[in-house]
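Structural characterization, general
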Amino acid sequence: MPHSLALQLHSLRHEAATDPEGIVRRVPSLGFDAVEIANTYGWSAEKWKDILAETKLRMIGAHVPLETLEKGWDVQLKFYRAVGNTRLVVPSLPKELQTSEGFSDAARRLNTLGERAKSAGFALLYHNHAYEFLPFTDGHRGMDILLLETAPQFLSFEVDTYWVEKGGRNSREFIQQNLSRVGALHAKEFSRDGRDVPAGQGDVDWKVIVPLLRGRGCPIIVEYEAENPVEAVAASARYLRDL
(Lines give C-alpha, C1' and ligand atoms only; values in the text may rest on other atoms or scores of the structure.)
Protein backbone atom coordinates (compact mmCIF):
# COMPACT_ATOMS: atom_id res chain seq x y z
CA MET A 1 0.00 0.00 0.00
CA PRO A 2 1.42 3.46 -0.89
CA HIS A 3 2.67 5.64 1.92
CA SER A 4 0.61 8.64 3.03
CA LEU A 5 1.68 11.97 1.56
CA ALA A 6 0.38 15.47 2.21
CA LEU A 7 0.43 18.66 0.14
CA GLN A 8 0.94 22.11 1.63
CA LEU A 9 -1.81 23.98 -0.23
CA HIS A 10 0.30 27.15 -0.17
CA SER A 11 2.11 25.51 -3.10
CA LEU A 12 -0.97 26.11 -5.25
CA ARG A 13 -1.86 29.54 -3.86
CA HIS A 14 -1.94 31.27 -7.26
CA GLU A 15 -4.24 28.62 -8.73
CA ALA A 16 -6.41 28.68 -5.61
CA ALA A 17 -6.83 32.46 -5.84
CA THR A 18 -9.47 31.98 -8.53
CA ASP A 19 -10.82 28.51 -7.75
CA PRO A 20 -9.94 27.18 -4.29
CA GLU A 21 -12.62 24.49 -4.35
CA GLY A 22 -11.44 23.20 -7.70
CA ILE A 23 -7.84 23.08 -6.51
CA VAL A 24 -8.64 21.18 -3.30
CA ARG A 25 -10.75 18.71 -5.29
CA ARG A 26 -7.80 18.16 -7.63
CA VAL A 27 -5.32 17.29 -4.87
CA PRO A 28 -5.99 13.51 -4.77
CA SER A 29 -5.34 13.23 -8.52
CA LEU A 30 -1.91 14.79 -7.97
CA GLY A 31 -0.88 11.92 -5.69
CA PHE A 32 -1.84 13.09 -2.19
CA ASP A 33 -4.22 11.82 0.48
CA ALA A 34 -3.81 14.71 2.94
CA VAL A 35 -3.35 18.48 3.04
CA GLU A 36 -1.74 21.08 5.23
CA ILE A 37 -3.22 24.54 4.95
CA ALA A 38 -1.86 28.06 5.31
CA ASN A 39 -5.17 29.71 4.42
CA THR A 40 -8.73 28.71 5.27
CA TYR A 41 -10.01 30.47 2.10
CA GLY A 42 -12.59 32.02 4.40
CA TRP A 43 -14.48 28.73 4.54
CA SER A 44 -16.41 27.60 7.59
CA ALA A 45 -15.45 24.44 9.43
CA GLU A 46 -18.57 22.82 7.98
CA LYS A 47 -17.50 23.59 4.43
CA TRP A 48 -14.03 22.20 5.09
CA LYS A 49 -15.52 19.05 6.58
CA ASP A 50 -17.73 18.58 3.53
CA ILE A 51 -14.95 19.01 0.98
CA LEU A 52 -12.53 16.83 2.97
CA ALA A 53 -15.17 14.10 3.15
CA GLU A 54 -15.94 14.45 -0.57
CA THR A 55 -12.27 14.19 -1.58
CA LYS A 56 -11.34 11.68 1.15
CA LEU A 57 -8.49 14.02 2.12
CA ARG A 58 -7.32 14.49 5.71
CA MET A 59 -6.10 17.79 7.11
CA ILE A 60 -2.89 16.96 8.95
CA GLY A 61 -1.68 20.46 9.80
CA ALA A 62 -2.35 24.18 9.62
CA HIS A 63 -0.02 27.16 9.58
CA VAL A 64 -1.25 29.76 12.04
CA PRO A 65 0.79 32.86 13.00
CA LEU A 66 2.06 33.18 16.56
CA GLU A 67 -0.02 36.27 17.36
CA THR A 68 -3.17 34.72 15.87
CA LEU A 69 -2.81 31.77 18.21
CA GLU A 70 -2.12 34.00 21.20
CA LYS A 71 -5.03 36.35 20.57
CA GLY A 72 -7.56 33.87 19.24
CA TRP A 73 -6.68 30.58 20.89
CA ASP A 74 -10.22 29.39 21.61
CA VAL A 75 -11.46 30.29 18.12
CA GLN A 76 -8.56 28.49 16.44
CA LEU A 77 -8.96 25.36 18.56
CA LYS A 78 -12.69 25.21 17.94
CA PHE A 79 -12.20 25.52 14.17
CA TYR A 80 -9.41 22.96 13.86
CA ARG A 81 -10.99 20.50 16.24
CA ALA A 82 -14.12 20.64 14.08
CA VAL A 83 -12.21 19.82 10.88
CA GLY A 84 -10.19 17.04 12.52
CA ASN A 85 -6.76 18.70 12.51
CA THR A 86 -4.64 18.50 15.65
CA ARG A 87 -1.34 20.04 14.43
CA LEU A 88 -0.88 23.79 14.74
CA VAL A 89 2.25 25.09 13.06
CA VAL A 90 3.76 28.52 13.73
CA PRO A 91 5.04 29.30 10.22
CA SER A 92 7.65 31.96 11.05
CA LEU A 93 8.53 34.71 13.50
CA PRO A 94 7.93 38.42 12.92
CA LYS A 95 11.01 40.46 12.07
CA GLU A 96 11.20 42.04 15.52
CA LEU A 97 11.70 38.60 17.11
CA GLN A 98 14.53 37.61 14.78
CA THR A 99 17.21 38.67 17.26
CA SER A 100 19.02 36.76 19.99
CA GLU A 101 16.72 38.25 22.65
CA GLY A 102 13.72 37.88 20.37
CA PHE A 103 14.24 34.16 19.92
CA SER A 104 14.33 33.73 23.69
CA ASP A 105 11.06 35.64 23.96
CA ALA A 106 9.60 33.50 21.17
CA ALA A 107 10.73 30.34 22.95
CA ARG A 108 8.92 31.42 26.10
CA ARG A 109 5.74 32.17 24.16
CA LEU A 110 5.95 28.90 22.21
CA ASN A 111 6.34 26.96 25.47
CA THR A 112 3.21 28.61 26.84
CA LEU A 113 1.20 27.85 23.71
CA GLY A 114 2.63 24.36 23.47
CA GLU A 115 1.57 23.53 27.00
CA ARG A 116 -1.95 24.77 26.26
CA ALA A 117 -2.00 22.79 23.02
CA LYS A 118 -0.92 19.57 24.67
CA SER A 119 -3.55 19.89 27.39
CA ALA A 120 -6.19 20.35 24.67
CA GLY A 121 -5.07 17.34 22.64
CA PHE A 122 -3.18 19.33 20.00
CA ALA A 123 0.49 19.46 18.98
CA LEU A 124 2.36 22.72 18.43
CA LEU A 125 5.15 22.86 15.85
CA TYR A 126 7.51 25.53 14.55
CA HIS A 127 8.38 25.79 10.84
CA ASN A 128 11.89 27.00 10.04
CA HIS A 129 13.22 29.26 7.35
CA ALA A 130 16.90 30.10 6.76
CA TYR A 131 17.21 32.98 9.24
CA GLU A 132 17.16 30.67 12.25
CA PHE A 133 20.51 29.24 11.12
CA LEU A 134 22.36 32.54 10.63
CA PRO A 135 24.70 33.60 13.48
CA PHE A 136 24.16 36.78 15.46
CA THR A 137 27.06 39.00 16.49
CA ASP A 138 27.18 37.16 19.84
CA GLY A 139 27.68 33.87 17.99
CA HIS A 140 24.29 32.44 18.88
CA ARG A 141 21.82 31.17 16.28
CA GLY A 142 18.06 31.34 16.50
CA MET A 143 17.59 27.62 15.94
CA ASP A 144 20.00 26.78 18.76
CA ILE A 145 18.03 29.08 21.08
CA LEU A 146 14.70 27.51 20.10
CA LEU A 147 16.03 23.98 20.54
CA LEU A 148 17.59 24.80 23.90
CA GLU A 149 14.89 26.99 25.40
CA THR A 150 11.70 25.19 24.32
CA ALA A 151 10.45 22.07 26.06
CA PRO A 152 10.36 18.93 23.88
CA GLN A 153 7.02 17.92 25.36
CA PHE A 154 5.48 21.24 24.26
CA LEU A 155 7.10 22.02 20.90
CA SER A 156 8.35 20.04 17.95
CA PHE A 157 9.65 21.24 14.62
CA GLU A 158 8.31 21.08 11.12
CA VAL A 159 11.65 20.87 9.35
CA ASP A 160 11.73 22.51 5.93
CA THR A 161 14.61 20.88 4.07
CA TYR A 162 15.01 23.68 1.53
CA TRP A 163 15.40 26.38 4.20
CA VAL A 164 17.77 24.26 6.31
CA GLU A 165 20.02 23.92 3.27
CA LYS A 166 19.60 27.59 2.38
CA GLY A 167 20.72 28.40 5.93
CA GLY A 168 23.98 26.55 5.35
CA ARG A 169 23.22 23.23 7.05
CA ASN A 170 22.89 19.74 5.62
CA SER A 171 19.22 18.85 6.07
CA ARG A 172 19.85 15.13 6.58
CA GLU A 173 22.45 15.80 9.26
CA PHE A 174 20.25 18.38 10.99
CA ILE A 175 17.33 15.96 11.12
CA GLN A 176 19.49 13.09 12.35
CA GLN A 177 21.02 15.26 15.07
CA ASN A 178 17.63 16.55 16.27
CA LEU A 179 15.47 13.57 15.45
CA SER A 180 13.55 13.55 18.72
CA ARG A 181 12.37 17.12 18.09
CA VAL A 182 11.12 16.61 14.54
CA GLY A 183 7.33 16.42 14.31
CA ALA A 184 6.77 16.87 10.56
CA LEU A 185 8.72 17.31 7.33
CA HIS A 186 8.32 19.99 4.71
CA ALA A 187 9.66 18.08 1.74
CA LYS A 188 10.95 20.91 -0.40
CA GLU A 189 13.85 20.27 -2.75
CA PHE A 190 17.08 22.26 -2.67
CA SER A 191 19.43 22.38 -5.63
CA ARG A 192 22.93 23.75 -5.19
CA ASP A 193 22.86 25.21 -8.69
CA GLY A 194 19.92 27.43 -7.72
CA ARG A 195 17.25 25.72 -9.82
CA ASP A 196 13.74 25.20 -8.44
CA VAL A 197 13.01 21.52 -9.04
CA PRO A 198 10.62 18.84 -7.74
CA ALA A 199 11.70 16.49 -4.97
CA GLY A 200 14.18 13.92 -6.22
CA GLN A 201 15.80 16.22 -8.77
CA GLY A 202 18.09 18.18 -6.45
CA ASP A 203 20.53 17.61 -3.61
CA VAL A 204 18.43 16.72 -0.54
CA ASP A 205 19.08 13.19 0.77
CA TRP A 206 15.47 12.02 0.59
CA LYS A 207 16.33 8.32 0.59
CA VAL A 208 17.56 8.64 4.17
CA ILE A 209 15.28 11.40 5.46
CA VAL A 210 11.88 10.12 4.33
CA PRO A 211 12.06 6.53 5.63
CA LEU A 212 13.65 7.76 8.85
CA LEU A 213 10.79 10.17 9.58
CA ARG A 214 8.05 7.87 8.30
CA GLY A 215 9.28 5.31 10.78
CA ARG A 216 8.63 7.84 13.53
CA GLY A 217 5.13 8.64 12.31
CA CYS A 218 5.98 12.12 11.02
CA PRO A 219 3.84 13.40 8.15
CA ILE A 220 5.69 14.06 4.90
CA ILE A 221 4.38 17.28 3.38
CA VAL A 222 5.32 18.42 -0.12
CA GLU A 223 5.84 22.12 -0.74
CA TYR A 224 6.87 23.88 -3.95
CA GLU A 225 6.91 27.63 -4.48
CA ALA A 226 8.18 28.22 -8.02
CA GLU A 227 6.69 28.09 -11.53
CA ASN A 228 4.50 25.24 -12.80
CA PRO A 229 3.60 24.09 -9.28
CA VAL A 230 0.86 21.65 -10.29
CA GLU A 231 3.26 19.58 -12.38
CA ALA A 232 6.04 19.95 -9.79
CA VAL A 233 4.04 18.76 -6.78
CA ALA A 234 2.74 15.79 -8.78
CA ALA A 235 6.32 14.88 -9.75
CA SER A 236 7.39 15.24 -6.13
CA ALA A 237 4.58 12.92 -5.05
CA ARG A 238 5.56 10.28 -7.57
CA TYR A 239 9.13 10.30 -6.27
CA LEU A 240 8.49 10.50 -2.54
CA ARG A 241 5.52 8.19 -2.10
CA ASP A 242 7.42 4.94 -2.49
CA LEU A 243 10.63 5.82 -0.64
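Now for a look at the structure at hand. As the structure is a prediction and not an experimental result, all values here were calculated from the model.

1. Re the packing of aromatic side chains
In total, this model carries ten aromatic pairs according to the counting rule given. Consider the rings of Phe-103 and Phe-136, whose centres lie 5.9 Å apart with planes at 50°: the pair is tilted. With Phe-103 in helix H6 (residues 100–119) and Phe-136 in the loop between strand E5 (123–127) and helix H7 (142–149), this residue pair connects regions lying 33 residues apart in the sequence. By relative accessible area, Phe-103 is classed as buried at 0%. Judged by relative accessible area, Phe-136 falls into the partly exposed class, the value being 21%. The positively charged end of Lys-188 is found above the aromatic ring belonging to Tyr-162, 4.5 Å away from the centroid.

2. What to know about the sheet that holds strand E1 (residues 6–8)
The strand order around the closed barrel built from eight strands is E1-E2-E3-E4-E5-E6-E7-E8, with neighbouring strands paired in parallel fashion. Averaged over all neighbouring strand pairs, the angle between strand axes comes to 30°, with direction disregarded.

3. Side note on the nonpolar core
The nonpolar side chains of a soluble globular protein tend to be buried, and buried together. Core analysis: the largest hydrophobic core is formed by 74 residues, its most contacted members being Phe-32, Trp-48, Tyr-80, Leu-88, Leu-124, Tyr-126 and Leu-185. Ignoring sequence-local partners within four residues, the contact set of Tyr-126 consists of Val-89, Val-90, Ser-92, Leu-93, Leu-110, Tyr-131, Glu-132, Leu-146, Leu-155, Ser-156, Phe-157 and Glu-158. By size, the runner-up hydrophobic cluster in this structure holds seven residues, among which are Ala-6, Ile-60, Val-89 and Ala-184.

4. A short note on the pattern of salt bridges
This model, assessed by the stated rule, comprises 14 salt bridges. Taking the shortest distance from any N to any O, the salt bridge between Glu-225 and Lys-188 comes out at 2.4 Å. Taken together, the residues Glu-225 in the loop between strand E8 (220–222) and helix H11 (229–240) and Lys-188 in the loop between strand E7 (182–187) and helix H10 (206–214) connect sequence positions 37 residues apart. A relative accessible area of 8% places Lys-188 in the buried class. Residue Asp-203 is joined to Arg-192 by a salt bridge in which the shortest nitrogen-to-oxygen separation is 3.4 Å. Of this pair, Asp-203 sits in the loop between E7 and H10 while Arg-192 sits in the loop between E7 and H10, and the two are eleven residues apart along the sequence. Residue classification places Asp-203 among the partly exposed residues on the basis of a relative accessible area of 33%. Residues joined by salt bridges that share partners form a network here, namely Glu-21, Arg-25, Lys-47 and Glu-54.

5. Overview of the packing of helix H3 (residues 45–55) against helix H5 (residues 73–83)
It is the contact of H3 with H5, at a shortest axis distance of 9 Å, that shows an interaxial angle of 25°. As far as their axial angle goes, H5 and H3 are roughly parallel. For the crossing formed where H3 meets H5, the hand is right-handed. Residues Ala-45, Trp-48, Lys-49 and Leu-52 of H3 pack against Phe-79, Ala-82 and Val-83 of H5. Each residue belonging to the contact of H3 with H5 can be placed in one class, and the counts come to six nonpolar, no polar and one charged.

Definitions and cut-offs
Residues numbered from 1 in each chain as written. Predicted model: local features only at pLDDT ≥ 70, side-chain atom pairs only at ≥ 80, totals over all residues. Heavy atoms only, no water. Phe/Tyr/Trp six-rings, centres within 6.5 Å; stacked < 30°, edge-to-face > 60°. Helix = DSSP H or I, 4+ residues; strand = E, 2+ residues; numbered from the N terminus. Buried < 20%, exposed > 50% of the residue type's maximum accessible area, 1.4 Å probe, protein only. Lys NZ or Arg CZ within 6 Å of the ring centre and 35° of its normal. Pairing = 2+ DSSP bridges. Axes fitted to C-alpha atoms, helices over the stretch in contact; angles between N-to-C directions. Core = buried A, V, L, I, M, F, W, Y, C linked by side-chain atoms within 4.5 Å. Contact = heavy atoms within 4.5 Å. Salt bridge = Lys/Arg side-chain N within 4 Å of Asp/Glu carboxyl O. Parallel < 35°, antiparallel > 145°, perpendicular 65-115°, else oblique. Left-handed = near helix turned anticlockwise from the far one by under 90°. Nonpolar A, V, L, I, M, F, W, Y, C, P; charged D, E, K, R; others polar.

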